[in-house]
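Inside the fold
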Amino acid sequence: MARTITLRTTSRSAATSVAQGATLESPWVRWTLTSIAIVFLGLFLFMPLAVVFVSAFGKGIAAYFASFREPDALAAIRLTLLAAGIAVPMNLVFGVAAAWAIAKFEFIGKSLLITLIDLPFSVSPVVSGLVYVLIFGLQGLLGPWLRAHDIKIIFAVPGIVLATIFVTFPFVARELIPLIQAQGNDEEEAALTLGASGWQTFFRVTLPNVKWGLVYGVIICNARAMGEFGAVSVVSGHIRGLTNTMPLHIEILYNEYQFVPAFAVASLLALLALLTLVVKSVVEWKSQQDLKEPEEDWSVEPA
Amino acid sequence: MNNKIWMALIMVLAFARPMLAQNAVTLLNVSYDPTRELYQDYNEAFAKYWKAKTGQAVTIQQSHGGSSKQARAVIDGLEADVVTLALAYDIDAIAAQAKLLPTNWQSRLPNNSSPYTSTIIFLVRKGNPKGIKDWDDLIRPGVAVITPNPKTSGGARWNYLGAWGYALKKSGGDESKARDFITKLYKNVPVLDSGARGATTTFVERGMGDVLIAWENEVLLGAKDLGQDKFDIVVPSVSILCEPTVSVVDKVVDKKGTRKVAQAYLEYLYSPEGQEIAAKRYYRPRSEAVAKKYAKQFPNIKLFTLQEIVGDWQKTNKIHFADGGLFDQLYQPGR
C-alpha cells in the first residue's frame, strides 16, 4: 500500500513540474496561442450560434413563438422526439450489452463486432439512408413484398426511426467499451465469490461503475439522433406534417424564405446542443468526484 | 430509463392515433419546389369543393423537392396518389421504371395533362447595372449567370431549352449557332446548383451573379418576398412555354381506393376556380377567360413550345440531357 502511495506522489510531482515547464514559454507565445484559440472559437462556433438566435428573434418574440404554433413545425418536433425516443433506448440496451460482452469476455469475432459497431461512424449518412432505400424501396430487395402486404418502411415513420438508430448506433457502446475495460474484472470476481448472481453483479457492480459514462453516451447519442439530417433526408419523402423531422423542416422553411420560423426551429436544436454541453460538463465533474473519493480514503489508511 | 420507454410508447400511440382516422380520405400530392403556395391554396379550395359535392372530408398531404428527385422517390416507393411535377419527362420516368402508371398517361387529361403553364424570365440586380435586356446579353463576357444544373433540375432544363430555342429561332434554325450560344452561355455560369430554389438562394442570399434565369412564377412570387428594392425583372423578347404536368398514380390509387377523389383533384385544376388559384399564384392559366382577367400580371412574351424546337421529352432528353448528350458536350466549367 505504502509503495503505491509513494509512486503516486512521485508521478503527481512529475506532472506538476511538467506543468510548470509548459508555463515557462515566453508570455507572447502563450498569449498568441490563447488568442488564436479564442478568435477561432468565436468566429466558427460562437458567431454562428449567435446568428441563429439573432435571426430567430429578428421579428420579435411574438413571431418567434408563433413559429412553434405551425402544425407542421409541431409535427416535426413530435417526430424528432419520437425518433430519438425510440432510437436512444434501443441503442442504450444494445450499447451496454455490446460493451459488456466486448470488455469482459474473449470470443471469436470480437474484433469484427468492434469494427461493425464503428461502421456507422465511417459511412456517410447519405449512404446509410440509401442502403435502406435499396433494401426497403419499391425497386429494392423487400420492396414489392412490403407493398403487397401494405407495410410502409421508407418514406414513413419506421424508415426515419431505422435511419436514426443506424447513425446513432456506436455512441453508447463506444463510450462504454474503454470504461468497462479500464475497470477490470476484480470487483465482479469479488462479487461473484461473495455469492452474487450474474444479474446482481451486473446491476450492482458493473453498471454503477460506468454510470457517468453511460449518461454521457446517452446524451451525445440523443443529440445526434435529434440533429441527424443526411440519412433521414434520404428516407423521409418530405411529406409535410408527417415525415419531416426538425432538421428537414428547418431546411424547407429556409428554402421557402421563411427565415424567422427556420431559425426559430434551429434555435431549439441549438438549445439542445447547449443543454448537452452543460449536462456533459456536470457529468464529467461528477465522475471526477467519484474517482477522487476512494483516493482520499486510501491516503488515510496507511497512516 | 423506464420513464423513457414509457414516454416513447405514449408518443407512439399519440402519433398512431391520427393515422387511424375513419371515414375521411387522405391524398398525397408529390410536387416540385415552387408549387408550395399554389397547392396550399388549392388544397383548401378542393377540400371545400369535395366536401360540398360528396360529403367526404379530404386531407391532402404535400411533399415538395426537386422534380427529378421527387420522381425518384415515387419510383422508390413514396406512395403518391397524384404527382404534379415540373416536366413530363419525370412522370415518364415513373411510368417507365416503376410501371406505376401507363405510358400514355399524358393523353388522359386536357392540354397534355398540363393544367397551367409558365415561362422562363430573368431577375437582375436593382437598376440592371449590366444592362441585360434579352438572351443575347447573357453570353457577353463578364456577365455572371445563375442557373441550376439541367442534369438534376427540371427548371434548369426549361432554362436551357429557352436559351436553345432563342438561338435556334434567331439563326433561322442553324443548330451549330445554337450550340455555340449554349457553350458561351454556360461559360458564364459560375456555379450550377442542383435545384431551382438553390439557384435562387445563391443569387438572392449569397449575392452571386448578375442575372438569374428562373421560372416566371417563381420570379413574380419571389419579387414580393425578396424585396422589390433589390431586384428588377427583365423579360426577354421570346421564351419557352413551360408545361408542368400532373397525373394520377394508378397503382397507388387502386390499392388505396382513392382513384375517384384523386382524379377529381386533378380535374378541378382545370375548373374556373382551379385556374383562378393558379393565376393568383402566377402560373399562366389555360382557361382563356381567366387568362384575360389576369392578363395584366403576366408580361407579354412570344412563347415557343418544346415541340417546335426539339420534339417530345423522350427525344429532348436523348439529344440534350442524357449522359454524353449535347449538354455534356457543350458544358465546359470554368474558363
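Preceding this section is the structure that the text describes.
Quick notes on the rules
- Residues numbered from 1 in each chain as written.
- Chains lettered and ligands numbered in written order.
- Predicted model: local features only at pLDDT ≥ 70, side-chain atom pairs only at ≥ 80, totals over all residues.
- Heavy atoms only, no water.
- Helix = DSSP H or I, 4+ residues; strand = E, 2+ residues; numbered from the N terminus.
- Rg over C-alpha atoms; globule rule 2.2 N^0.38 Å.
- Buried < 20%, exposed > 50% of the residue type's maximum accessible area, 1.4 Å probe, protein only.
- Areas by Shrake-Rupley, 256 points an atom, 1.4 Å probe, with all protein chains shown as cover.
- Lys, Arg positive; Asp, Glu negative; His and termini not counted.
- Charge placed at Lys NZ, Arg CZ, Asp CG, Glu CD.
- Polar contact = N/O pair within 3.5 Å; in protein donor to acceptor, adjacent residues only side chain to side chain.
- Contact = heavy atoms within 4.5 Å.
- Phe/Tyr/Trp six-rings, centres within 6.5 Å; stacked < 30°, edge-to-face > 60°.
- Lys NZ or Arg CZ within 6 Å of the ring centre and 35° of its normal.
- Pairing = 2+ DSSP bridges.
- Axes fitted to C-alpha atoms, helices over the stretch in contact; angles between N-to-C directions.
- Right-handed = clockwise from strand over helix to strand, strands pointing away.
- Buried area = accessible area lost by both parts, 1.4 Å probe.
- Salt bridge = Lys/Arg side-chain N within 4 Å of Asp/Glu carboxyl O.
- Nonpolar A, V, L, I, M, F, W, Y, C, P; charged D, E, K, R; others polar.
- Parallel < 35°, antiparallel > 145°, perpendicular 65-115°, else oblique.
- Left-handed = near helix turned anticlockwise from the far one by under 90°.

Some remarks on the overall build of chain B
Along the backbone of chain B there are 16 helices and twelve strands. For 335 residues, the compact-globule estimate of 2.2 N^0.38 gives 20 Å, and chain B sits close to it at 21 Å. If one aligns the C-alpha atoms of chain B with their principal axes, the spans along those axes are about 65 × 55 × 40 Å. Within chain B, buried positions represent 56% of all 335 residues. Accessible area for chain B stands at about 14,500 Å²; split by element, carbon and sulfur atoms hold 53% of it. Across chain B, 43 positive and 34 negative side-chain charges occur, with their mean positions spaced 2 Å apart.

Points about the side chain of K110(A)
Residues and elements named next belong to chain A. On the secondary structure map, K110 appears in helix α5 (residues 110-122). In this structure K110 comes out as buried when scored by relative accessible area, which is 13%. A distance of 3.2 Å separates the side chain of K110 from the side chain of E106, its partner in a polar contact. For K110, the residues in contact, after removing those within four places along its chain, are I102 and F105.

Considerations on the environment of P110(B)
Turning to its location among the elements, P110(B) is positioned in helix α5 (residues 110-113). P110(B) sits 157 residues away from E267(B) along the chain, and the two C-alpha atoms are 9.0 Å apart.

A few points about the packing of aromatic side chains
Residue and element names in this part refer to chain B. In total, this model carries 38 aromatic pairs over all chains according to the counting rule given. With 5.2 Å between their ring centres and 90° between their planes, W158 and W313 make a pair best called edge-to-face. With a gap of 155 residues between them, W158 in helix α6 (residues 154-170) and W313 in helix α15 (residues 313-321) connect regions that are remote in the sequence. Neither W158 nor W313 differs from the other in exposure class; each is buried. Taking the centre distance of 5.2 Å and the plane angle of 80° together, the rings of Y186 and F327 count as edge-to-face. With Y186 in helix α7 (residues 175-187) and F327 in helix α16 (residues 326-330), this residue pair connects regions lying 141 residues apart in the sequence. Three or more aromatic residues link up through ring pairs in this structure, and these residues are Y39, Y42, F46, Y49, W50, Y265 and Y268. Taking NZ or CZ as reference, R125 lies 4.0 Å from the ring centre of F203, over its face.

A short note on the sheet that holds strand β7 (residues 211-215) of chain B
Residues and elements named next belong to chain B. Taken together, the four strands give an open sheet; going across it, the order is β6-β7-β5-β8, and neighbouring strands pair in mixed fashion. The open sheet has two edge strands with one neighbour each: β6 (145-146) and β8 (231-234). Bridging between β6 and β7 involves two bridges; their strand directions are parallel. Across the sheet, the residue bridging to V145 is V211, located in β7. In the packing of helix α8 (residues 196-204) onto the sheet, the strands contacted are β5 (120-125), β6, β7 and β8, and the crossing angle to β7 comes to about 150°.

Quick look at the pairing of strand β1 (residues 25-32) of chain B
All names here are of chain B. Judged by how many residues are buried, β1 sits mostly within the fold: seven of eight residues are covered. For β1 and strand β2 (residues 58-65), the ladder comprises eight bridges, and the chain directions are parallel. By the bridge assignment for β2, L28 is matched with Q61. Remark: the β1/helix α2 (residues 36-54)/β2 crossover connection has right-handed handedness. Pairing analysis gives three bridges linking β1 to strand β3 (residues 82-85), with the strands arranged parallel. Paired with V30 across the bridge in β3 is V83.

Let's talk about the interface of chain B and chain A
Contact with chain B, which involves 34 residues of that partner, is made by 31 residues of chain A. Taken over both partners, the interface formed by chain B and chain A buries close to 2,900 Å², and the fraction arising from carbon and sulfur atoms is 62%. Counting the contacts that link chain B with chain A gives three salt bridges. We note a salt bridge from E79(B) to R147(A), for which the minimum N-O separation is 3.2 Å. The tally of links between chain B and chain A comes to nine residue pairs in polar contact (both at pLDDT 80 or more). Put simply, the parts of the chain that give the side of chain B that touches chain A at least two residues each are α1 (2-19), β2, α3 (67-75), α4 (88-98), α8, α9 (216-226) and α10 (250-256) of chain B. Ranked by the residues each element gives to the side of chain B that touches chain A, the list is headed by α1(B), at seven residues. Of the residues assigned to the side of chain B that touches chain A, the class counts are 15 nonpolar, eight polar and eleven charged.

Some words on the packing of helix α6 (residues 125-136) of chain A against helix α8 (residues 157-168) of chain A
Residues and elements named next belong to chain A. For the pair α6 and α8, interaxial distance at closest approach is 10 Å and the crossing angle is 135°. The orientation of α6 relative to α8 falls into the category oblique. For the pair α6 and α8, the crossing hand works out as right-handed. In contact with S128, Y132 and F136 of α6, α8 contributes L162, A163, F166 and V167. Residues belonging to the contact of α6 with α8 are distributed by class as follows: six nonpolar, one polar and no charged.

Some points on the environment of N91(A)
Residue and element names in this part refer to chain A. Here N91 is to be found in helix α4 (residues 71-104). Along the chain, N91 and P170 lie 79 residues apart, while their C-alpha atoms are 8.0 Å from each other. Setting aside residues up to four positions removed in sequence, N91 forms contacts with I165, T168, F169, V172 and C221. There is a polar contact of 2.7 Å between the side chain of N91 and the side chain of T168.

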